Amino acid sequence: MAQSDTPDIIYTKVDEAPELASASFLPIIRRFTAPAGIEVGTRDISLAGRIIATFPENLTEDQRQSDDLAWLGELVKTPEANVIKLPNISASTPQLVAAIKELQGKGYALPDYPEEPKADAEKAIRARYDTIKGSAVNPVLREGNSDRRAAKAVKNFAQANPHSMGTWDASSKTKVSSMPGNDFYANEVSATITAAQAGTARIEFEGADGAVTVLKEAWPLEEGTIADATFMSASALSSFLAEAIEDTKSDGTMFSLHMKATMMKVSDPIIFGHAVKAWLGPVWETHGAAIKAAGGSPNSGLADVLAAIDTMDNAAEIRAEIDALERPSMYMVDSDKGITNLHVPSDVIIDASMPAVIRAGGKGWDETGAKGDTNCVIPDRCYATVYDETINFFKANGALDVTTAGAVANVGLMAQKAEEYGSHPTTFEAPGTGTMRIVLANGETLHAHSVEAGDIWRSCTVKKAPIENWIELAMDRQRLTGSEAIFWLDANRAHDAQLIDYVKAALQAAGVADKFAIMAPREATAQTLKTITAGKDSIAITGNVLRDYLTDLFPILELGTSAKMLSIVKLMQGGGLFETGAGGSAPKHVQQLHGENHLRWDSMGEFCALGESLNFLADARGNAKAGVLGAAAEAATQGILDDNRSPSRKAGQPDNRHSHYWFARYWAEALAAQSDDADLAAEFAPLAKALAEGEAAILAELSEGSGAAADTGGYFHNDDAKTAQVMRPSATLNAIIG
Ligand SMILES: NC(=O)C1=CN([C@@H]2O[C@H](COP(=O)(O)OP(=O)(O)OC[C@H]3O[C@@H](n4cnc5c(N)ncnc54)[C@H](OP(=O)(O)O)[C@@H]3O)[C@@H](O)[C@H]2O)C=CC1
Ligand SMILES: O=C(O)CCC(=O)C(=O)O
Ligand SMILES: [Mg+2]
C-alpha cells in the first residue's frame, strides 16, 4: 500500500444514522484539523459501497468504486493506521437484497442476489455477495484486541442524569430458555495446536457410505492456536423450539428469540430458520416444500416466507391455517406495522435486544403494543447464562440504581478473527449422517463428531499472539485502575479450559495472579452485578462474544446506551483503531429523520473516538498540534455533557445537528483559550467568536425543517447533495465552517 498518500486520520463512511451524522460532523472536523495540517480522509465501508466495489465489471466507469475495505484491511496491519470506525451495517440477506434493489433502481446494473443458486455462474455471484454479508467489516479491521469503557465524564453524567429504567418485580415471569443438551456448549471439544500438528489442515465430511467430501482445504493452523469443534443437533434444536413455544403459551408470556444472525452469519440464520419453521409447525410440514419452491426461505425470516406464500395460488388457505395456529403472543419489533421477532433475522440482535428487555424490567411489546413478560429463547448455552443470571439478580434485588452503580469495563479477545466471530468460513450444515472431522497437516485427526443431516457444525479458532496480547491488555487495565478484574472463563467448557492455561501461565509469570479472578460466566455475572451495585468498578476480561454482549449489556444499564462508550482497538502492529461507541447503526433513527427531519443519533461515541484518535496522533507521531486539538476535543465533549447538549428523542427539540454546533463551539473556545500553541489559539479565536455570535441564528436555522419529511435521496445509498442539504441546514453555520 502506498503510505505516502495515506491521510493522517481515516474517518469511515458507513450507513444509516451514523452516516447521516457524518454529513454534518465531518465538515466540522475537517475545518478544525486543517489549520494543524492534519488530513482527515474517508474510506467507504458502507454496505452499498462494498456491493459496488465487488462488481466493477457490471458498472460504468463513473459508478465504479475502489475496494476500500481491502485497503483498510492492509492499513490496520501497519503502525501508520489511525482509523475512526463508525458502526456499519452487518447485512442479513433481506438487507443485502434491499440494498441491491436500491442500487439497481439507481442505474447500477448489479446482478440479483441468487437465493437458490443453481448454475455455476449463479453460484459464483452468490459467493461474491456472501463475502459482503454479515459482519464482513469488523473482523477485517480488528487487528487488535478490544478495550471498551465509559469515559469518566460520561459515567459521571449518567449518574447525575439517570435515564429511565423499568422496575423489576420478583414475580416477573421473564426468563431465559436454552436447550437442555446437544447444543454447541455440550458438544465442544478443543485443543491447542502443537508444533508437530501445525500446518495446513482441512475439514471433511465422511458420509455413512464412506464417501469423503472436503468442505474446507488449505486451512492454516499455527502452533499455539486454540482450535475447537462443536455442533448443535438440528433435531434437538427443533424439539427444543417446539417445546419453548408450548412453554411460553402455558406461562402466558410472549415468545422471543435472541440471536446474532449478522455476526454469526452461517449458523444463526439456520437456527433462526428452525424457529420460523417451529412457529409455523404443521403449516410448514404440509406446505413447506411448496413455499420453498415459491422462493420462501425460513432462514431469511417469516417476512420472506409470507411474501412467498402470497404469490401462491392457495395463499388464502395457507394464511388461514397460519391464523388458526394456537400460538403464544410474540415479541414484536414494530407492533404498529405487524413486524414480529421472526420477520427478519437481523431485526432482533441479541447484544442490543436482551439489554433492552432487561432495562425495561423484563418487558417486551406484543402484537397489540402491550408490554409484558417474555420467554427469551437463546438456544445455545455458552453465553445464555449471563442473561439468565442478570434476570435472576434483578428479580431478587430490583433494578440497578443508575445514580450509584459502578462501571463495568471490558477487555475483549477479538484480534484476528478470534473465536466464534471468525468461524463462518468453518461452519457447515452437515450434508448427511456421517462424521465431521478436522484433519491436520500431519494426517492426525484433531477432532471428530458424529452428525446427522442438518446439524450445525463449526470450528472456532484463536491465535496465540492475540491471546497473549489480550492478557497483557488486561494486566495494563487492571494496573491502571486497580479495579476488580475477572476473566469470564468456564473451566468446564473445552475452549475456555485451553484459554485458562494461557491465562494462568501469563499471570503467574507476571506475578499478578492475586489481582485477578477466573469465573464461569454465570458466577462472573453475579459477582460483577454485586460489585457495581455496591458502587465499585469491575473489569470483565472476556472472549469475543462476551465482549460484544457485555459492552451493550452494562452500558445500556449504566448509561442508557452503548453509543457513549469509548471503544479502543490497540492494533497489534502499533496502529490505532477507534470505534465510535459499542452499538449499531440504529435504523429507526433514519426512519425518524426521513419522516420528521429529526436525527436523535447521539454522536458521543464519535466525539470520544475523535479525541482518542487525535491524542494517538500526538503520542505515536509526535504531532504536538494534534495533542492540542485532542485536549480541546475532550474539553468540548465535557462541555456537551455538562451543558446537556446531547440530542433529544423528539422532533421539535434539539437533535444531532444542534449537538454538532455545540461541539464545534466548545472545541473552538477551548482552542482559543489554550496557550500551548499560539497559532492555533489565534486561528480559532475568531471562529469561536463567530460561533457564539451566530448562536441564535444557527440554532433557529437548524430547527427550521423539524417535523416535516426529509429526503436524503436513498436509504443505503444516499444522494450526497440532498443529504448535505438535510444535515447542514444552517447557512450561518455553513458560512463559518466553510
Ligand atoms: N460496530 C458495528 O459496526 C456495529 C454494527 N451494528 C449494525 O447496526 C445495525 C443495528 O443494530 P442494533 O443492534 O439493532 O442496534 P441499534 O444501533 O439499532 O441500537 C439499538 C437502540 O440503541 C439506541 N442507540 C444506539 N446507538 C445510538 C446512538 N448513537 N444514539 C442514540 N441512541 C442510540 C437506540 O435506541 P432508541 O431508538 O430507543 O433511542 C437504538 O434504536 C445492524 O445493521 C447491525 O449489524 C450493530 C452493532 C455494532
Ligand atoms: O460486526 C458486527 O456485526 C457487530 C459488532 C458489534 O456488535 C460489536 O462489536 O459490539
Ligand atoms: Mg455489539
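With an unreviewed UniProt entry as reference, the chain is termed isocitrate dehydrogenase (NADP(+)), source organism Sulfitobacter albidus. Turning to the chain, the UniProt annotation filed under Sequence similarities (unreviewed entry) states: "Belongs to the monomeric-type IDH family." Turning to the chain, the UniProt annotation filed under Cofactor (unreviewed entry) states: "Mg(2+)".

## Side note on the sheet that holds strand 19 (residues 445-451)
The strand order 8-7-18-19 describes an open sheet built from four strands, whose pairing is antiparallel. The sheet is open, and its two edges are formed by strand 8 (212-221) and strand 19, each paired on a single side. Averaged over all adjacent pairs, the angle separating strand axes in this sheet is 15°, with direction ignored.

## A closer look at the nonpolar core
If you look at soluble globular proteins, the nonpolar side chains tend to sit buried side by side. Grouped together as the largest cluster of nonpolar side chains are 73 residues, with contacts concentrated most on Phe-32, Ile-38, Phe-663, Trp-667 and Leu-691. Membership of the second largest hydrophobic core comes to 38 residues, among which are Met-264, Tyr-387, Leu-400 and Tyr-549.

## Let's talk about the coordination of the magnesium ion (ligand 3)
Protein-derived ligands of the magnesium ion (ligand 3) are Asp-351 (OD) and Asp-548 (OD), with the metal-ligand distances lying across 1.9 to 2.1 Å. One end of the pair, Asp-351, is in helix 13 (residues 350-359); the other, Asp-548, is in helix 18 (residues 544-559), and 197 residues separate them in sequence. With respect to burial, Asp-351 and Asp-548 carry one shared label: buried.

## Thoughts on the packing of aromatic side chains
Under the criterion given, the structure shown has 19 aromatic pairs. Centre to centre, the rings of Phe-255 and Trp-279 are 5.5 Å apart; their planes meet at 45°, and the pair counts as tilted. Note that Phe-255 is positioned in strand 10 (residues 254-257) and Trp-279 in helix 10 (residues 267-293), a separation of 24 residues in sequence. Since its relative accessible area comes to 1%, Phe-255 is described here as buried. A ring pair is formed by Phe-487 and Phe-516, whose centres lie 5.6 Å apart and whose planes are at 45°; its orientation type is tilted.

## Focus: the site of ligand 2
In the vicinity of ligand 2, the residues found are Ser-90, Ser-135, Asn-138, Arg-142, Arg-148, Lys-260, Met-263, Asp-351, Arg-547, Asp-548 and Ala-582. With respect to ligand 2, the side chain of Ser-90 contributes an N or O atom lying 2.4 Å from an oxygen atom. Arg-142 has a polar side-chain atom sitting 2.8 Å from an oxygen atom of ligand 2.

## Structural notes on helix 24 (residues 695-703)
For helix 24, every residue scored as buried is listed here: Ile-698, Glu-701 and Leu-702. Taken down its axis, helix 24 places every buried residue within 100° of arc, on the same side.

## Re the site of ligand 1
The environment of ligand 1 is made up of 23 residues, and the closest members are Ser-585, Ala-586, Lys-588, Arg-600 and Asp-602. In the environment of ligand 1, an oxygen atom lies 3.2 Å from a nitrogen or oxygen atom belonging to the backbone of Ser-90. Per element, the largest residue contribution to the shell around ligand 1 is three residues, and it comes from helix 19 (residues 587-596). For the shell around ligand 1, the class distribution of residues is eight nonpolar, 10 polar and five charged.

## Considering unusual backbone geometry
Of note, the phi angle at Asn-182 is positive, near 55°, even though the residue is not glycine. Mapping Asn-182 onto the fold places it in the loop between strand 5 (175-177) and helix 8 (184-187). Note on Asn-182: relative accessible area 33%, which makes it partly exposed. Phi is positive for Gln-416, which is not a glycine, with a value near 55°. Along the chain, Gln-416 falls in the loop between strand 16 (408-412) and strand 17 (427-429).

## A closer look at the sheet that holds strand 3 (residues 82-85)
The mixed open sheet is built from 10 strands, whose spatial order is 2-1-3-26-25-4-16-24-22-23. Two strands lie at the open edges of the sheet, namely strand 2 (40-44) and strand 23 (517-519), each paired on one side alone. For this sheet, the mean angle separating the axes of adjacent strands, direction not counted, is 25°. Sheet topology note: the strand 25 (residues 566-571)/strand 26 (residues 576-580) ladder contains five bridges and is antiparallel. Paired with Lys-570 across the bridge in strand 26 is Gly-576. Along the sheet, helix 3 (residues 68-75) contacts strand 1 (9-13), strand 2 and strand 3; its crossing angle with strand 2, the most-contacted strand, is approximately 125°.

## Overview of the packing of helix 13 against helix 14 (residues 384-397)
Following both chains from N to C, one finds helix 13 and helix 14 inclined at 10°, their axes separated by 11 Å at the closest point. One element, helix 13, and the other, helix 14, form an angle in the roughly parallel class. Note on packing geometry: the crossing formed by helix 13 with helix 14 is right-handed. Across from Ile-350, Asp-351, Met-354 and Ile-358 in helix 13, the residues of helix 14 making contact are Tyr-387, Thr-390, Ile-391 and Phe-394. Its residues placed into classes, the contact of helix 13 with helix 14 shows six nonpolar, one polar and one charged.

## Focus on the pairing of strand 10
Of the two faces of strand 10, the one holding Met-254 and Ser-256 and the one holding Phe-255 and Leu-257 are both buried throughout. The pairing of strand 10 with strand 11 (residues 329-330) spans two bridges and is classified as parallel. Looking at the pairing, Met-254 lines up with Ser-329 of strand 11. Bridging between strand 10 and strand 15 (residues 371-377) involves four bridges; their strand directions are parallel. When the bridges of strand 15 are listed, Phe-255 appears paired with Asn-375.

## Brief notes about the pattern of salt bridges
Tallying each qualifying case throughout the model produces 38 salt bridges. A salt bridge links Arg-202 to Glu-204; the nearest nitrogen and oxygen atoms lie 2.8 Å apart. Of the residues examined, Arg-202 reaches a relative accessible area of 33% and is grouped as partly exposed. Looking at Glu-204, the relative accessible area reads 6%, which means it is buried.

Conventions used here
Residues numbered from 1 in each chain as written. Chains lettered and ligands numbered in written order. Predicted model: local features only at pLDDT ≥ 70, side-chain atom pairs only at ≥ 80, totals over all residues. Heavy atoms only, no water. UniProt positions renumbered as here; feature names shortened; annotations may be inferred. Pairing = 2+ DSSP bridges. Helix = DSSP H or I, 4+ residues; strand = E, 2+ residues; numbered from the N terminus. Axes fitted to C-alpha atoms, helices over the stretch in contact; angles between N-to-C directions. Core = buried A, V, L, I, M, F, W, Y, C linked by side-chain atoms within 4.5 Å. Buried < 20%, exposed > 50% of the residue type's maximum accessible area, 1.4 Å probe, protein only. Donors = N, O, S within 2.8 Å, 3.2 Å for Na, K, Ca; no water. Phe/Tyr/Trp six-rings, centres within 6.5 Å; stacked < 30°, edge-to-face > 60°. Near = heavy atom within 4 Å. Polar contact = N/O pair within 3.5 Å; in protein donor to acceptor, adjacent residues only side chain to side chain. Arc of directions from axis to C-beta. Nonpolar A, V, L, I, M, F, W, Y, C, P; charged D, E, K, R; others polar. Contact = heavy atoms within 4.5 Å. Parallel < 35°, antiparallel > 145°, perpendicular 65-115°, else oblique. Left-handed = near helix turned anticlockwise from the far one by under 90°. Salt bridge = Lys/Arg side-chain N within 4 Å of Asp/Glu carboxyl O.

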